[in-house]
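Here is what each chain is made of, one letter per residue.
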Amino acid sequence: MPVKIVIKQDNTQKVIMASEEAIAKALETVGFQAERNAKKEISSVVYDTPQSPSGYKRTGLLRNSITFALDGEPANIEGYQADDGSKKGSYKGKAPKEGKGKRAVYIGTNVEYAPYVEEGTSRMKARPFLKPAIQDYIDEYKTILKEELEKA
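Residues numbered from 1 in each chain as written. Predicted model: local features only at pLDDT ≥ 70, side-chain atom pairs only at ≥ 80, totals over all residues. Heavy atoms only, no water.

Colleague: Help me get a handle on the overall build of the protein, residues and values and all.
Modeller: Looking only at helices and strands, the protein features five helices and four strands. In the protein, the order of α-helices and β-strands from amino to carboxyl end is α-α-β-β-β-β-α-α-α. Taken over the C-alpha trace, the protein has a radius of gyration of 21 Å; the compact-globule value for 152 residues is 15 Å, which it surpasses by more than 25%. Dimensions along the principal axes, computed over C-alpha positions, put the protein at roughly 85 × 30 × 25 Å. By residue count, 31% of the 152 residues in the protein fall in the buried class. Taking the intrachain contacts of the protein between residues at least 6 apart in sequence as the baseline, contacts between residues at least 24 apart amount to 58%. Accessible surface computed for the protein: about 10500 Å², of which carbon and sulfur atoms make up 55%. (Helix = DSSP H or I, 4+ residues; strand = E, 2+ residues; numbered from the N terminus. Rg over C-alpha atoms; globule rule 2.2 N^0.38 Å. Buried < 20%, exposed > 50% of the residue type's maximum accessible area, 1.4 Å probe, protein only. Contact = heavy atoms within 4.5 Å. Areas by Shrake-Rupley, 256 points an atom, 1.4 Å probe, with all protein chains shown as cover.)

Colleague: Can you lay out the nonpolar core for me, pointing to particular residues and giving the numbers?
Modeller: Core analysis: the biggest nonpolar cluster contains 15 residues, and Ile 42, Leu 62 and Phe 129 have the highest contact counts within it. Taken together, the elements giving at least two residues each to this core come down to helix H1 (12-47), helix H2 (61-65), helix H3 (114-119) and helix H4 (130-135). Here this core takes three residues from H1, the largest share from any one element. Filtering out sequence-adjacent residues up to four positions away, Leu 62 remains in contact with Ile 42, Thr 109, Val 111, Tyr 113, Ala 114, Val 117 and Phe 129. By size, the runner-up hydrophobic cluster in this structure holds five residues, among which are Val 30, Ala 34, Tyr 137 and Tyr 141. (Core = buried A, V, L, I, M, F, W, Y, C linked by side-chain atoms within 4.5 Å.)

Colleague: Report on the packing of aromatic side chains, specifying residues and quantitative values.
Modeller: This structure, assessed with the given rule, holds two aromatic pairs. A ring pair is formed by Phe 32 and Phe 68, whose centres lie 4.8 Å apart and whose planes are at 70°; its orientation type is edge-to-face. Here Phe 32, found in helix H1, pairs with Phe 68, found in strand S1 (residues 67-70); they are 36 residues apart in sequence, far enough to count as distant. The class of Phe 32 is partly exposed, set by a relative accessible area of 32%. Relative accessible area serves as the criterion here: at 3%, Phe 68 is assigned to the buried category. For the ring pair Tyr 80 and Tyr 91, a centre distance of 5.5 Å and an interplane angle of 55° mean the geometry is tilted. Remark: Tyr 91 occurs in the loop between strand S3 (88-90) and strand S4 (105-108) and Tyr 80 occurs in strand S2 (residues 79-81); sequence separation between them is 11 residues. (Phe/Tyr/Trp six-rings, centres within 6.5 Å; stacked < 30°, edge-to-face > 60°.)

Colleague: Mind laying out the environment of Asn 64, listing which residues take part and the relevant values?
Modeller: The topology assignment puts Asn 64 in helix H2. Separated by 19 residues in sequence, Asn 64 and Asp 83 place their C-alpha atoms 8.0 Å apart. Not counting chain neighbours up to four residues away, the residues in contact with Asn 64 comprise Lys 39, Ile 77, Tyr 80, Gln 81, Ala 82 and Asp 83. Of note is the side chain of Asn 64, whose polar atom sits 2.8 Å from the backbone oxygen of Gln 81. (Polar contact = N/O pair within 3.5 Å; in protein donor to acceptor, adjacent residues only side chain to side chain.)

Colleague: Report on the environment of Gly 31, specifying residues and quantitative values.
Modeller: Considering the arrangement of structural elements, one finds Gly 31 in helix H1. Note on Gly 31: relative accessible area 1%, which makes it buried. The sequence separation of Gly 31 and Leu 70 amounts to 39 residues, and the corresponding C-alpha distance is 7.9 Å. Apart from the residues within four sequence positions on either side, Gly 31 is in contact with Phe 68, Val 105 and Ile 107.

This is the structure in structure tokens:
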């Protein structure tokens with residue numbers, strides 16, 4: 001005996017929207033955790049080492065500037081400042097937009113000297129904080145994504 005199925009309401013768009021919202025929430029959660037991890041890393045490589053002989057003053061500007069952004073969206077913070085208020089910075093614009101059907105979260109900083117800390121120079125050894133904040137915690141981020149998407 002043939003079975004007749006009648007669809008009275010198409011909820012495809014609702015399902016798609018709910019999926020997109022769940023993915024955005026999961027990426028945001030990963031972004032918050034990656035930001036925390038990067039700040040922990042920068043604190044261990046910069047702030048837990050002796051001050052440089054040149055008298056370089058550690059202000060916290062680099063640490064405070066670390067943030068994340070979902071693709072196509074502005075940074076999670078608008079501005080930041082040194083712990084002593086001596087220097088300030090801000091974020092403008094949006095993170096790069098991923099291609100159709102793709103999503104991403106970006107973690108980083110716009111402080112001009114950050115690449116020199118991360119990569120080093122001919123006069124200063126590298127003190128990476130962003131790469132380890134991603135690479136060393138990749139399993140944690142996968143778990144967050146899995147848990148957040150299972151909630152949806």
